[in-house]
Amino acid sequence: MQPDEQLVGRCRDGEARAWERLVRRHQDRILNLAYQFTGNREESRDLAQEIFVHLYRKLDQYDSRRPFRTWFNSLARNLCIDHYRRRRQAPPVVGTPVEEIIGLRSSIESPARRVERRDRRETLMRAMDSLGEVSREAIVLKELQGHNLDEIAAMLGVPIGTVKSRLFRARIELGRAILKLRQAVSIPEGDLGL
Amino acid sequence: MDCRRFRELLPQYLAGDLPEPRFGEMVVHETRCAACHQLAAEQMPADAQSDAPLSRASEAVERESWVRETLRRTTGASCRTIEHLLAAAVDGPLERPLGQLVLEHLVECPRCRELADTLHALPQYFAAWPRLRADAVFTAEVLARTTGPMPGFLETLRAMWRRPGLVWEGALICALLTTPLLGGPLREWTASLQETQSLALPQEQVAEIRTALAGQVTDAQSHLASVTGTRRRSLNDQWIQVRGWVEQTVDRALAPDSFMGSRIALVRTWVDLLFDRVGPTSREPTADPSVTDPALSRDNETHKENLPEGGPHELHQP
Ligand SMILES: [Zn+2]
Ligand SMILES: [Zn+2]
């Protein structure tokens, strides 16, 4: 597989096919990143497209000595944060639409487990919406995108200690939000397993 | 934290302006050390023990209310330390002394216990977050917004037709795309490969090619079937959806060491003969500005051997 950095070089030479390959390679990841920030399918589509349009315009500014992925991640993350900030100022319609799950082990799961999973998903989505942008970002990058602390620190340009304390604060905030939502419908969580 | 340090920090501690994690450490020490606890009790500012009876006689009562007061003043801040540790524990168990500290706190504090349960379950919540997959329409929209609208399906084929090197690719794509509509002539064609003994290919190689192609035809059929009938998809979108797959197939099929690759030279000759283009490969017509200029185009009539004749010719943009 041709490395991203080479593909970008070919894109800059005006090769449309190279650009198409780059889009195809990253579209799933970027779409999911946008979805993790918006929690809404249609919105995430628009946002993800916006990210690619932005990337296309900024390709000339990419310094080919840096890894492309890190650079692109920062760019995508900035747009997601901007979007989240705007959206929190003008909150969208109440209630998260029920999302269709793709690629989950649905056939092996028992109906009870599926219901449990759906409950968790809806609770999580609503709880995430109550987080501030810094906390949401910490959760998205660490817990949903699966980056490690070093990567996040590089992406955000902050010391690793800062990433850590943001992440811990975000978890506490999220935990409290989930607790509140669950208490509203009074579902206790499982046994304490410390 | 030892007793000497406790005494040093005691004024700040009692005034309530000791930052974490010192504050938590003071609380822990005090709950374990009777002497320091006594000391703290004696130095407690008067306003903090407003509900403590002043009578020496009811010392037991005084002591109890003081404990209540201390708890009221400390649990808030101490809970903050514990919460922080609980959040850290999501990544893995805490080291022994810290884990012990947390457990001791949890026994006393239902608020933190609830939070601990929820934080402990967080990974399961994260696992429930749905994953999306970008579809063909998404790709098409991104490309349309960046490199401009994708060339139409027929346009793409025409462009290929104008490039002799890609005629075979175009024909193959055509065959693959029409297969689902026409009921599988390609499948028949691949079946007919079995009779290609005269090509002196080993039997197993022929069989291999045949199964590979048959499988791909089925893939293409199901692929197209999944595309048709869903929302806002044009022919163009269908093309984009199968394009990656088609390209892969063509690449594989046209590899120089493949059966098809070895036939390409032959086919090319046929194609060239068909279009009377034997000799140097033709230039790219649309890339040549002279073609769009009528005057120069007329001039090109004199270099007829460089331009494709017949069908491709009338496809030029006016
Ligand atoms: Zn002591
Ligand atoms: Zn507590």
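Fair warning: this is a prediction, and the values are worked out from it, not measured in the lab. (Residues numbered from 1 in each chain as written. Chains lettered and ligands numbered in written order. Predicted model: local features only at pLDDT ≥ 70, side-chain atom pairs only at ≥ 80, totals over all residues. Heavy atoms only, no water.)

Another aspect to go through is the coordination of the zinc ion (ligand 2). Residue and element names in this part refer to chain B. The zinc ion (ligand 2) binds to the protein through Cys79 (SG), His105 (NE2), Cys109 (SG) and Cys112 (SG), with metal-donor distances spanning 1.9 to 2.3 Å. Bound by four donor atoms, the zinc ion (ligand 2) shows angles of 101 to 117 degrees at the metal and therefore tetrahedral coordination geometry. Site description for the zinc ion (ligand 2): donor spacing in sequence, C-x25-H-x3-C-x2-C. Taken together, the residues Cys79 in helix α4 (residues 59-88) and Cys112 in helix α6 (residues 110-127) connect sequence positions 33 residues apart. Each member of the pair Cys79 and Cys112 is classed as buried. (Donors = N, O, S within 2.8 Å, 3.2 Å for Na, K, Ca; no water. Tetrahedral: all angles 85-135°; square planar, octahedral: opposite > 155°, others 65-115°. Helix = DSSP H or I, 4+ residues; strand = E, 2+ residues; numbered from the N terminus. Buried < 20%, exposed > 50% of the residue type's maximum accessible area, 1.4 Å probe, protein only.)

With that settled, the discussion passes to the nonpolar core. Trp19, Ile51, Phe52, Leu55, Phe72, Met128 and Leu174 of chain A are the most contacted members of the largest nonpolar core, which has 78 residues in total. Broken down by element, this core gets its largest block of residues, 10 residues, from helix α2 (residues 16-38) of chain A. Apart from the residues lying within four places of it in its own chain, the contact partners of Leu174 of chain A are Leu124, Ala127, Met128, Leu131 and Ile139 of chain A together with Leu122 and Phe126 of chain B. Phe6, Leu9, Met26 and Cys36 of chain B belong to the second-largest nonpolar core, a separate cluster that totals 10 residues. (Core = buried A, V, L, I, M, F, W, Y, C linked by side-chain atoms within 4.5 Å. Contact = heavy atoms within 4.5 Å.)

This next bit is on the packing of aromatic side chains. Applying the stated criterion across every chain yields a total of 10 aromatic pairs over all chains. Judged by centre distance (5.1 Å) and plane angle (50 degrees), the rings of Tyr62 of chain A and Trp71 of chain A are tilted. Here the two residues Tyr62 of chain A and Trp71 of chain A agree in accessibility, since each one is buried. Members of the aromatic cluster, joined through ring pairs, are Trp19, Phe52, Tyr56, Tyr62, Phe68, Trp71 and Phe72 of chain A together with Phe138 of chain B. The residue whose ring lies beneath Arg120 of chain A is Tyr125 of chain B, and the NZ or CZ to ring-centre distance is 5.4 Å. (Phe/Tyr/Trp six-rings, centres within 6.5 Å; stacked < 30°, edge-to-face > 60°. Lys NZ or Arg CZ within 6 Å of the ring centre and 35° of its normal.)

Here we come to the interface of chain B and chain A. In this assembly, 49 residues from chain B lie in contact with 55 residues from chain A. Buried area between chain B and chain A, both sides added, is near 5,100 Å², and the carbon and sulfur share of it is 63%. When residues of chain B are sorted by the area they lose upon contact with chain A, Tyr125, Trp129 and Leu132 of chain B head the list and together hold 18% of the total. Where chain B packs against chain A, one counts six salt bridges. Lys142 of chain A is the salt-bridge partner of Asp91 of chain B, the closest N and O atoms lying 3.7 Å from each other. Counting every contact that joins chain B to chain A gives 14 residue pairs in polar contact (both at pLDDT 80 or more). (Buried area = accessible area lost by both parts, 1.4 Å probe. Salt bridge = Lys/Arg side-chain N within 4 Å of Asp/Glu carboxyl O. Polar contact = N/O pair within 3.5 Å; in protein donor to acceptor, adjacent residues only side chain to side chain.)

Right, let's talk about the pattern of salt bridges for a bit. All names here are of chain A. Under the definition given, this model contains 20 salt bridges over all chains. A salt bridge links Asp129 to Arg87; the shortest N-O distance between them is 3.0 Å. Taken together, the residues Asp129 in helix α5 (residues 111-129) and Arg87 in helix α4 (residues 68-89) connect sequence positions 42 residues apart. With a relative accessible area of 30%, Asp129 lands in the partly exposed category. Arg136 is the salt-bridge partner of Asp129, the closest N and O atoms lying 3.0 Å from each other. Salt bridges here are not isolated pairs; linked through shared partners, they connect Glu43, Arg87, Asp129 and Arg136.

Attention shifts here to the environment of Phe168 of chain A. Mapped onto the elements of the fold, Phe168 of chain A is located in helix α8 (residues 160-185). Along the chain, Phe168 of chain A and Ala138 of chain A lie 30 residues apart, while their C-alpha atoms are 8.9 Å from each other. Dropping the residues within four chain positions of it, Phe168 of chain A is found in contact with His84, Ala87, Ala88 and Asp91 of chain B.

What follows deals with the environment of Phe52 of chain A. Within the fold, Phe52 of chain A resides in helix α3 (residues 41-58). A residue is classified by how much of its surface remains accessible, and Phe52 of chain A, at 1% relative accessible area, is buried. In this structure, the C-alpha to C-alpha distance between Phe52 of chain A and Leu22 of chain A, residues 30 residues apart in sequence, is 9.8 Å. In this view, Phe52 of chain A contacts Trp19, Val23, His26, Gln27, Ile30 and Phe72 of chain A together with Phe138, Val142 and Thr146 of chain B; residues no more than four positions away in its chain are not counted.

A word on the packing of helix α7 (residues 149-156) of chain A against α8 of chain A. Residue and element names in this part refer to chain A. Orientation of α7 relative to α8, taken along the N-to-C sense of each, is 105 degrees, at an axis distance of 9 Å. As the angle between them shows, α7 and α8 are arranged roughly perpendicular. Across the interface between the two elements, Leu149, Asp150, Ile152, Ala153 and Leu156 of α7 pack against Ile160, Val163, Lys164, Arg166 and Leu167 of α8. Looking at the contact of α7 with α8, its residues break down into seven nonpolar, no polar and three charged. (Axes fitted to C-alpha atoms, helices over the stretch in contact; angles between N-to-C directions. Parallel < 35°, antiparallel > 145°, perpendicular 65-115°, else oblique. Nonpolar A, V, L, I, M, F, W, Y, C, P; charged D, E, K, R; others polar.)

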